[in-house]
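Read off the chains here:
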Amino acid sequence: MKTHEIYIQRCIQLAKNGLGTTYPNPLVGSVIVHNGIIIGEGWHKKAGEAHAEVNAIRSVKDKSLLQESTIYVSLEPCSHFGKTPPCSDLIIQHKIPNVVIGTVDPFAKVAGNGIKKLIEAGCKVTVGILEDECHALNKRFFTFHNKQRPYIILKWAQTADGFIAPSVRDQKAPVWITNPYSRQLVHKWRSEEQAILVGTQTVVDDNPKLDVRDWTGNNPVRIVLDKNCRISKESLIFDSSASTLLLSNNDIKHTENVAQQIVNLLFENNIQSVIIEGGSKTLQTFITENLWDEARVFIGDSYFSSGTRAPLLPKKKAEMQKIVSDELLIYSNYD
């Protein structure tokens, strides 16, 4: 790996510390190097707080070294005033001569303007180092701005014989197919995404809370499809632990392109990423309309023999992981 790539890889590592806490902002990491030695590091931690470049510059003890240094950043420094001042201005102010950038920012208020400002100020700017990796880091942010919709993750658990629910339920509660380790992993995923979506039947059958009780992090916004207002107001999804957005017939106007209508509404509500954890019908709707980016499918070791069949994905190669007695298959459907 070349020198620039090593430091951008470090930027990516730092940026991942902000997963789940930076929305609606992207994940960004920054490293400052002087004569081959890292003298400063930082990442963006939360929207409204200091950006990665600011935190990296603040961490440098001897600011005089900045005039002889290179600043690495996984995403183009911003050039506009938002909740914080432009990072490109700060780099120019400290006379950092070299700037190495992983990838250009697709956000309309930046989109090359930060790079232009740096070049006009006399900085030597290098762009496109580990660009694919930097793009993957912010797949949610890029999807939201480039495709005008949230990044969509489908998730379900199915038995070894292909069912996601039994024919008969003894109580109004989830019927567990996976082991506790897999369930904890799901709660970690929830903490990383901005929203979670389920259909009416899932709430009626399971009365889920849709929180991160088995992990530490933010609860996602709960999106619930309830076209005919069947869900009881006593359901756990209406408790105060997280925000809940209910979509009814007033929101979904017709029976065609239902998934597209839903993602349009999520985009309007500035939702950058969503996990679809609904039942087979809800999941299959997104698959049929080809509105998904990842599918994360657990296969447990139990058998139901009958019940609700698991959704059907188009044939795609999957990455497989073993989680004790469960298998986890991860499918990709993005460019």
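The structure presented is a predicted model; accordingly, all values stated were derived computationally and were not measured.

A. How the structure looks around empty space enclosed by the protein. With the rule as written, the count across this model stands at one cavity of 30 Å³ or more. Forming the boundary of the largest cavity are 13 residues, of which Thr-22, Tyr-23, Asn-25, Leu-27 and Arg-140 lie nearest the centre. It is helix 6 (residues 139-147) that provides the largest number of residues to the lining of the largest cavity, a total of three residues.

B. Expanded view of the side chain of Arg-222. Here Arg-222 is to be found in strand 9 (residues 221-225). At 3.0 Å, the side chain of Arg-222 and the backbone oxygen of Ile-237 are in polar contact. For Arg-222, the side chain forms a polar contact with the side chain of Ser-241, separated by 3.4 Å.

C. Fine view of the packing of aromatic side chains. As enumerated under the stated definition, the model contains four aromatic pairs in all. Ring geometry for Tyr-7 against Tyr-72: centres 5.0 Å apart, planes inclined by 45 degrees, an arrangement best described as tilted. One end of the pair, Tyr-7, is in helix 1 (residues 3-15); the other, Tyr-72, is in strand 3 (residues 70-75), and 65 residues separate them in sequence. This pair shows no difference in class: Tyr-7 is buried, exactly as Tyr-72 is. Seen in terms of ring centroids, Phe-141 and Phe-142 are 6.4 Å apart; in terms of plane orientation they differ by 75 degrees. Their pairing is edge-to-face. A relative accessible area of 4% means that Phe-141 is categorised as buried. Note that Lys-45 overlies the ring of Trp-43, its terminal NZ or CZ placed 5.0 Å from the centroid. Above the ring of Tyr-151, the side-chain terminus of Arg-140 is found at 5.9 Å from the ring centroid.

D. Local environment of the sheet that holds strand 14 (residues 318-323). With mixed pairing, eight strands are arranged side by side in an open sheet as 10-9-8-11-6-12-15-14. Here the strands that pair on one side only, and so sit at the sheet edges, are strand 10 (244-247) and strand 14. Taking the axes of each pair of neighbouring strands and ignoring which way they run, one obtains an average angle of 20 degrees across the sheet. Sheet topology note: the strand 8 (residues 195-198)/strand 9 ladder contains four bridges and is parallel.

E. Main features of the pattern of salt bridges. Applying the stated criterion across every chain yields a total of 12 salt bridges. Glu-193 is the salt-bridge partner of Arg-140, the closest N and O atoms lying 2.8 Å from each other. Here Arg-140 is found in helix 6, whereas its partner Glu-193 is found in the loop between helix 7 (180-192) and strand 8, with 53 residues between them in sequence. Judged by relative accessible area, which is 8%, Arg-140 ranks as buried. Ionic pairing is found between Arg-213 and Asp-211, a salt bridge with its closest N-O pair at 2.4 Å. When its relative accessible area of 48% is taken as the criterion, Arg-213 is described as partly exposed. Note on Asp-211: relative accessible area 6%, which makes it buried.

F. Layout of the UniProt feature "binding site: substrate" (unreviewed entry) in the protein. In the numbering used here, UniProt assigns the feature "binding site: substrate" (unreviewed entry) to Arg-190, Asp-206, Leu-210, Arg-213 and Glu-277. Cross-referencing the annotated residues with the lining of the largest pocket gives Arg-190, Asp-206, Leu-210, Arg-213 and Glu-277.

Conventions we followed
Residues numbered from 1 in each chain as written. Predicted model: local features only at pLDDT ≥ 70, side-chain atom pairs only at ≥ 80, totals over all residues. Heavy atoms only, no water. 1 Å grid on protein atoms, 1.4 Å probe; cavity = no way out; pocket = protein on both sides within 12 Å on 5 of 7 lines; lining within 4 Å. Points joined across faces, edges and corners; volume = space filled by probe spheres on them. Helix = DSSP H or I, 4+ residues; strand = E, 2+ residues; numbered from the N terminus. Polar contact = N/O pair within 3.5 Å; in protein donor to acceptor, adjacent residues only side chain to side chain. Phe/Tyr/Trp six-rings, centres within 6.5 Å; stacked < 30°, edge-to-face > 60°. Buried < 20%, exposed > 50% of the residue type's maximum accessible area, 1.4 Å probe, protein only. Lys NZ or Arg CZ within 6 Å of the ring centre and 35° of its normal. Pairing = 2+ DSSP bridges. Axes fitted to C-alpha atoms, helices over the stretch in contact; angles between N-to-C directions. Salt bridge = Lys/Arg side-chain N within 4 Å of Asp/Glu carboxyl O. UniProt positions renumbered as here; feature names shortened; annotations may be inferred.

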